[in-house]
Protein chains: 2
Amino acid sequence: MSKNFTDLLSQVSKCDKKKLSVAVAQDKAVLEAVKAAKERDIADAILVGDEAKIIEIGESLGMNMADYTIINEPDNIAASLKAVKLVHDGEADMYMKGLIDTKNFLKSVLDKDCGLRTGKPLSHVAVFELPGFDRLLFLADVAFIPYPTLEDKANIINYAVDVAHACGVECPKVAPLAAVEVVNPKMPATVEAAELTRMNEEGEITGCIVDGPLSMDIALYKEAAEEKGALGRKVAGDADVLLFPDIHAGNLVYKAIVHMVDMQNGCILTGTKAPVILTSRSDTFETKVNSIALAAVVAENLKNK
Amino acid sequence: MSKNFTDLLSQVSKCDKKKLSVAVAQDKAVLEAVKAAKERDIADAILVGDEAKIIEIGESLGMNMADYTIINEPDNIAASLKAVKLVHDGEADMYMKGLIDTKNFLKSVLDKDCGLRTGKPLSHVAVFELPGFDRLLFLADVAFIPYPTLEDKANIINYAVDVAHACGVECPKVAPLAAVEVVNPKMPATVEAAELTRMNEEGEITGCIVDGPLSMDIALYKEAAEEKGALGRKVAGDADVLLFPDIHAGNLVYKAIVHMVDMQNGCILTGTKAPVILTSRSDTFETKVNSIALAAVVAENLKNK
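Figured I'd write up the structure that's included with this text. (Residues numbered from 1 in each chain as written. Chains lettered and ligands numbered in written order. Predicted model: local features only at pLDDT ≥ 70, side-chain atom pairs only at ≥ 80, totals over all residues. Heavy atoms only, no water.)

With respect to the overall build of chain A
Of regular secondary structure, chain A possesses 11 helices and 11 strands. Computed over its C-alpha atoms, the radius of gyration of chain A comes to 19 Å, within 12% of the 19 Å expected for a compact globule of 305 residues. Seen through its principal axes, chain A has C-alpha atoms that stretch 60 × 40 × 35 Å. Scored against the burial criterion, the 305 residues of chain A give a buried share of 58%. Taking the intrachain contacts of chain A between residues at least 6 apart in sequence as the baseline, contacts between residues at least 24 apart amount to 70%. On chain A, roughly 11,800 Å² of surface is accessible, and the fraction owed to carbon and sulfur atoms is 49%. Within chain A, one finds 33 positive and 45 negative side-chain charges whose respective centroids are separated by 2 Å. (Helix = DSSP H or I, 4+ residues; strand = E, 2+ residues; numbered from the N terminus. Rg over C-alpha atoms; globule rule 2.2 N^0.38 Å. Buried < 20%, exposed > 50% of the residue type's maximum accessible area, 1.4 Å probe, protein only. Contact = heavy atoms within 4.5 Å. Areas by Shrake-Rupley, 256 points an atom, 1.4 Å probe, with all protein chains shown as cover. Lys, Arg positive; Asp, Glu negative; His and termini not counted. Charge placed at Lys NZ, Arg CZ, Asp CG, Glu CD.)

Brief notes about helix α3 (residues 51-60) of chain B
Residues and elements named next belong to chain B. Residues of α3 that are buried: Ile54, Ile57 and Gly58. Buried residues along α3 cover an arc of 100° about the axis, so they all sit on one side. Relative to its buried face, α3 has exposed residues pointing more than 90 degrees away, namely Ala52, Glu56, Glu59 and Ser60. The inward-facing, buried residues of α3 abut α2 (28-39), β2 (43-49) and β3 (69-72). (Arc of directions from axis to C-beta.)

Quick word on the nonpolar core
Of all hydrophobic cores here, the largest spans 66 residues; its most connected members are Leu242 and Phe244 of chain A together with Leu242 and Phe244 of chain B. Not counting the four nearest positions on each side in its chain, Leu242 of chain B is found in contact with Phe138, Leu139, Ala140, Ala175, Leu177, Met216, Ala219 and Leu220 of chain B. Counting residues in each nonpolar core, the second largest holds 59 residues, with Ile157, Val163, Val289 and Leu294 of chain B among its members. (Core = buried A, V, L, I, M, F, W, Y, C linked by side-chain atoms within 4.5 Å.)

Observations concerning the relation of the copies chain A and chain B
When chain A is brought onto chain B, the operation consists of a screw motion whose angular component is 180° and whose axial shift is 0.0 Å, with 0.0 Å RMSD remaining. Each copy turns onto its partner about a two-fold axis. Relative to the rotation axis, the C-alpha of Ala249 of chain A is the closest in chain A, positioned 1.9 Å from it. The share of interface residues of chain A whose copies in chain B are also at the interface is 100%, consistent with both copies meeting through the same surface. (Least-squares fit on C-alpha atoms with pLDDT ≥ 70 in both.)

Points about the interface of chain A and chain B
Across the boundary between the two partners, chain A contributes 35 residues, which contact 35 residues of chain B. Together, His248, Leu252 and Met260 of chain A form the three largest contributors to the area buried by chain A at its contact with chain B, with a combined 23%. In this assembly, chain A and chain B are joined by two salt bridges. The partner of Lys255 of chain B in a salt bridge is Asp217 of chain A, with the nearest N and O atoms 3.8 Å apart. At the surface where chain A touches chain B, the tally comes to two residue pairs in polar contact (both at pLDDT 80 or more). (Buried area = accessible area lost by both parts, 1.4 Å probe. Salt bridge = Lys/Arg side-chain N within 4 Å of Asp/Glu carboxyl O. Polar contact = N/O pair within 3.5 Å; in protein donor to acceptor, adjacent residues only side chain to side chain.)

Describing the pattern of salt bridges
Oppositely charged side chains can pair when the atoms bearing their charge come close. By the definition in use, this model includes 46 salt bridges over all chains. Here Glu192 of chain B makes a salt bridge to Lys153 of chain B, at a shortest N to O gap of 2.8 Å. A residue pair is termed long-range when its members are at least 10 positions apart, and Glu192 of chain B in helix α7 (residues 188-201) and Lys153 of chain B in helix α6 (residues 150-166) qualify at 39 residues. Several salt bridges converge on common partners, so that one network encompasses Asp16, Lys18, Glu300 and Lys303 of chain A.

Below, the structure is given as structure tokens:
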């Protein structure tokens, strides 16, 4: 079980070497991460985009360009479709966004002919390594589905649980979060949290233990659970997966922690046939590399399913 | 302007000495805070409750009980009504919860004859002193109003702005938060944030500058605002007040920061005629003392209005 991103890296080293396909790869920050992924034996890369620019940037970063396959396609849309098709056809294991806007990148992900659509909604899992925690935390959805329905929430749990499984967490504990830990009919988030718990108990959501609604402190801190008489809860201070009631709650918590706590993180798109890495311009170098490592174990897990 | 709780304490020392009325005061953690408030010259206290128990606990804490007025009323409900009436009648400046459940404490706050009701909804402001920030942050509402309407949000802003004013922040910058910084008709929180901005521009919300929707990073971090081309926003990296779209977002962020960041905080109930301190059992000693200091400057500000 990977308890942090260092563990995750050694987990990756035990998998078959993965191949990353990058759409519109002429981006300095993305190529830096690709270079680190190569050096740390996380993944090889196929770089699709403007070859001259890719080589120029790559060489300025000290990359040995002979180590990479480059496919020259100066048009961004065409490059993204070629890059995603490599994953669709099994020639690469994971797909990463380069210098292309998110909208067009997602269009390639969802392309009917050569994309990675599953018919289920796209979502997002953020993985946190926080000081004081002996495990990785999986946060969903902090970025994609604005106001998830109950069905969306079940999907989001399944996605996050898949990512946790890929990281070696055998039976992740899932906390559908709310402001309070008891069902209040006037708070739909608490009602849905209880319903997700029931769905887990009755075998409709599997591979994990779901217990909600839970407040943030009871989900994550044993002493808070004890203080509030909640130690009898199935998830009390030891949540692995944090399910947020909506994107505002998720995103505000995500950004607060990323900015205020000295921590490591990575993230991955979910609901796709193969792992997709859509890091943002503001993500750090380490976050980008962590995200590639995360995608690699998810790809390995998919292969073994 | 108080930039932190140390400043707030010296601000309090310049005010007339305030008097705190405590409902059902026979509570060790509450009496510890009352003792510190006395020692630090924040407030004197009137202790209403079971006199024998109050004296026993107080003496065990090394309190000189001659320094306090004690009103013997062993019945909890009656004690809360007597304690709140002292504030209602102007014999005390602020009201604090002791060993009484929140529901009955709030009943006393809202009592028609001797309570502190204003006709406006009760709400809550949490004040954070965070490492790396040169100012206090005012978070609302993380505890009271589950799904605030637009009108509630305007009230919540007014309450938080009043508390910021009391702390010497002349024209607080208010960020109505959301997952994104642009209006999206599919996200009501963003639409309402824009509406609150308009209400401020047109003089319906005064004493502050409102600018939303804003994401957490743009509201609080200049570099994030710069990276995202948002430096032209009226609130960009320098928000004082964080308005949350609902209680889930607010409470989850609040608890994450309180538990994960080495920080100081205090909080106060709002929407009442006089400041009310309703700290929770899980709040630290310092949080309780900070909350009393906060209530003292709010009481001073009310007096000068």
